[in-house]
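Close look at the chain arrangement
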Amino acid sequence: MTGLRPWDDGTRLLSMAICALNAWALWQILRGPASPRGGALPRDVVWLRRLLYADVAGELLLWELLGALSDVAEYSASWAVWTATMILLVRALAGVSARFRIFALALGLIGVLAAAVRPITEAPLLTWWLLLAMATLGCKAMIIAGQGRDKRFSAATVAIGWIALLIPQVHPLLRVGQGPFDSLSLAVQALDVLIVVWAARTAHELAAAPGRAVAAPGTGRTPRLLAAAAVLVLPMVLVGAEKDAWLTYTVADEGCRDRLRPAAGLGPEERRRSFLCLARGETLAADAMFPEDLADQRILIHGAQLCALPGDQGRNALHSRAGGTADTIELAAALEYVCPGIVARQNAEAGRRQAERDLQEATWKAEANARCADPWPRARARRQGTAAYMLPEGGGYAVFDDRDDSAGDPGNIYGDGDEVADIFDAAEDGFIDVVGSSAAIVTNGDAAMCLTVKVFNRAPPLRLTGWDQVVEVGITSRSGHLVVPPYPEGSGGGAAGPLPDLAAAGPGHYRLRIYARTLSLEEHLLVVYPGRSAEKVVHRPHRDAPARPATP
């Protein structure tokens, strides 16, 4: 019950009432059979008491166990016990006429016959169900009425029998328009135990000789207690069932957001109204944060449940299961009014996770950079640097003027425009494509490689030994800035360590010489110096790469 309903005062009271009812029912059932009064009982009464206790055991446990094995076995056993019990009980009634017995027995047998024929006939199920229900109900009603004339049975037992028989019949009329788990339905389900109590009390009181009543503890008071309980409890149950109709549904009001104040300093009621204001409004996804058919009380309950979760992932998952829509920031902003401090906790959690990611990335970059070394250590340049370069899927990298916005996006080597360098054109050329202030260089794959840049004031000596390819081209810097992008800004890749600006002489024309080779991993050396020529010079094409490794 608590899993299907909000844990409020009504649910607590109903739970306590059901607990008390079950405790009383168990006491009635487990107190055991009374010893026969006034001598030995007739044999049919002895067997009737045994069948009644067997039916009690079946309702509590045995039918459930049989049902786990076979539905047919459960159906057959339960109806067989009821048939024998009904016949003996009708015969054992005292103070009723023979015509009364015949009529009650006829109704009972019609119900039993309908139950036996129903599984093997093709008639509509509704027809058999009505015949079975009406005949069996009539037989039970006559038996309980006959108990009222039989002085062996107490008024409490008769009253319990009538309540157990009639409440399930009246319940569908009372719960029209209600949900399956309203207070009235739960209370009626709990009252199902009364039919077992009635059977146990009937067996217990059959121990009295005909014409003598069994003096059970508290029997004289029980009818009045039951009447008082019916007068007091049933109205409370009906009121509980109407509680759903009192739920409020706040109309979405976008203007309420303009009146919102910080949660700090607001009273509980004002915080709830502020939370409902955000919960009823639209989110960035143009949907309400909570379903529109969800009552205010349900939204507040969901808010409290979301507050109890420690992380935003769990909150988002629970919110989605409830049919809500909102991103992490929006949801936290609304929950700040229900559980103040959640935004601060969320920011702290986000900061902690970001710090962990930063540390992991720094460690990963340091390990990658440690595998790379300057391939030309004796040449001291004006500016230089060595770093691991994380290549994007498909490989390739760019050198470009990142402050030149006159020609689109010069760092996007996978673009399809003619204004910037393109990696596909570079692949067709065999190594490099240069357009204005951008260059796209081809790599052998997309695994991490080592990249060294050296910036000189004039052309350095040409070194070909140990390199697979050496190509020199012209490139322009309009802003006086030429860069190799840092990770992860270079079309998904970038340098894992700092590399200097390659345009050391400011705006103007430069020569870009690219050395490439593959040893244990791919390695590139970029040499940059001022030069006006735009001519492309292939110093060493790839097919002329030497077989031996480079000499320092």
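In case you missed it, the structure is sitting above this.
Here the structure is a predicted model, which means the values were calculated and not measured.

1. What to know about the overall build of the protein
Helices and strands together make up the secondary structure of the protein, namely 15 helices and ten strands. Going through the 552 residues of the protein one by one, you find that 42% of them count as buried. The long-range share in the protein, meaning contacts at least 24 apart out of those at least 6 apart in sequence, stands at 69%. For the protein, the accessible surface area stands at approximately 29100 Å², while carbon and sulfur atoms represent 60% of it.

2. Quick notes on the environment of Leu-499
Summarising the element assignment, Leu-499 is placed in the loop between strand S7 (494-495) and strand S8 (508-518). A sequence separation of 46 residues divides Leu-499 from Val-453, and the C-alpha atoms of the two residues are 7.3 Å apart. Once residues lying within four places of it in the same chain are set aside, the contact partners of Leu-499 are Gly-385, Thr-386, Ala-387, Leu-451, Val-453 and Val-484.

3. Some remarks on the packing of helix H2 (residues 43-69) against helix H8 (residues 193-205)
The contact between H2 and H8 brings their axes to 9 Å, and the two run at 155 degrees. Comparing their axes, H8 and H2 come out roughly antiparallel. In this structure, the crossing between H2 and H8 has a hand that is left-handed. Here H2 contributes Arg-49, Leu-52, Tyr-53, Val-56, Glu-59 and Leu-60 to the contact with H8, which in turn contributes Val-196, Ala-199, Ala-200, Thr-202, Ala-203 and His-204. Tallied by class, the residues present in the contact of H2 with H8 amount to eight nonpolar, two polar and two charged.

4. Observations concerning the nonpolar core
Side chains that are nonpolar tend, in soluble globular proteins, to be buried together. In terms of nonpolar packing, the biggest core is built from 46 residues, with Leu-48, Trp-82, Met-86, Ile-143 and Trp-198 touching the most fellow members. The leading source of residues in this core is H8, at eight residues. Aside from chain neighbours lying at most four places away, what touches Leu-48 is Thr-85, Leu-88, Leu-89, Ala-92 and Leu-206. With 29 residues, the next largest nonpolar core counts Phe-431, Leu-499, Tyr-510 and Val-528 among its residues.

5. Some details on the pattern of salt bridges
Inspection of every chain in the model, using the stated rule, returns 15 salt bridges. A salt bridge links Glu-269 to Arg-273, with the nearest nitrogen and oxygen atoms 3.8 Å apart. Taken together, the residues Glu-269 and Arg-273, both in helix H10 (residues 268-280) and four residues apart, mark about one turn of the helix. Classification of Arg-273 by relative accessible area gives partly exposed; the value is 46%. Between Glu-356 and Arg-352 there is a salt bridge, with its nearest N and O atoms 2.5 Å apart. Of the two residues, Glu-356 and Arg-352 are both situated in helix H14 (residues 342-370); the distance of four residues between them amounts to about one turn of the helix. Overlapping salt bridges, with partners in common, bring together Glu-269, Glu-270, Arg-272 and Arg-273 in one network.

6. Notes on helix H3 (residues 71-92)
Between its first and last C-alpha atoms H3 spans 31 Å; for 22 residues at 1.5 Å apiece the expected length is 32 Å, and the two agree. Within H3, the full set of buried residues consists of Ser-78, Trp-79, Val-81, Trp-82, Thr-83, Thr-85, Met-86, Leu-88, Leu-89, Val-90 and Ala-92.

7. Regarding the sheet that holds strand S1 (residues 383-390)
Strand order in the open sheet formed by seven strands is S7-S1-S5-S9-S8-S6-S10, with mixed pairing between adjacent strands. Of all the strands in the sheet, the pair left with one neighbour each is S7 and strand S10 (537-540). As judged from the seven bridges shared by S1 and strand S5 (residues 449-455), these two strands associate in the antiparallel manner. Bridge pairing in S5 places Tyr-389 opposite Met-449.

8. With respect to the environment of Val-338
Checked against the element boundaries, Val-338 lands in the loop between helix H13 (328-335) and H14. C-alpha of Val-338 to C-alpha of Phe-275: the two residues are 63 residues apart in sequence and 6.6 Å apart in space. When near neighbours in sequence (up to four residues on either side) are disregarded, Val-338 contacts Phe-275, Gly-303, Ala-304 and Cys-307.

The rules behind the values
- Residues numbered from 1 in each chain as written.
- Predicted model: local features only at pLDDT ≥ 70, side-chain atom pairs only at ≥ 80, totals over all residues.
- Heavy atoms only, no water.
- Helix = DSSP H or I, 4+ residues; strand = E, 2+ residues; numbered from the N terminus.
- Buried < 20%, exposed > 50% of the residue type's maximum accessible area, 1.4 Å probe, protein only.
- Contact = heavy atoms within 4.5 Å.
- Areas by Shrake-Rupley, 256 points an atom, 1.4 Å probe, with all protein chains shown as cover.
- Axes fitted to C-alpha atoms, helices over the stretch in contact; angles between N-to-C directions.
- Parallel < 35°, antiparallel > 145°, perpendicular 65-115°, else oblique.
- Left-handed = near helix turned anticlockwise from the far one by under 90°.
- Nonpolar A, V, L, I, M, F, W, Y, C, P; charged D, E, K, R; others polar.
- Core = buried A, V, L, I, M, F, W, Y, C linked by side-chain atoms within 4.5 Å.
- Salt bridge = Lys/Arg side-chain N within 4 Å of Asp/Glu carboxyl O.
- Expected span 1.5 Å × (residues − 1).
- Pairing = 2+ DSSP bridges.

Just geometry here; none of it tells us what the structure is for.
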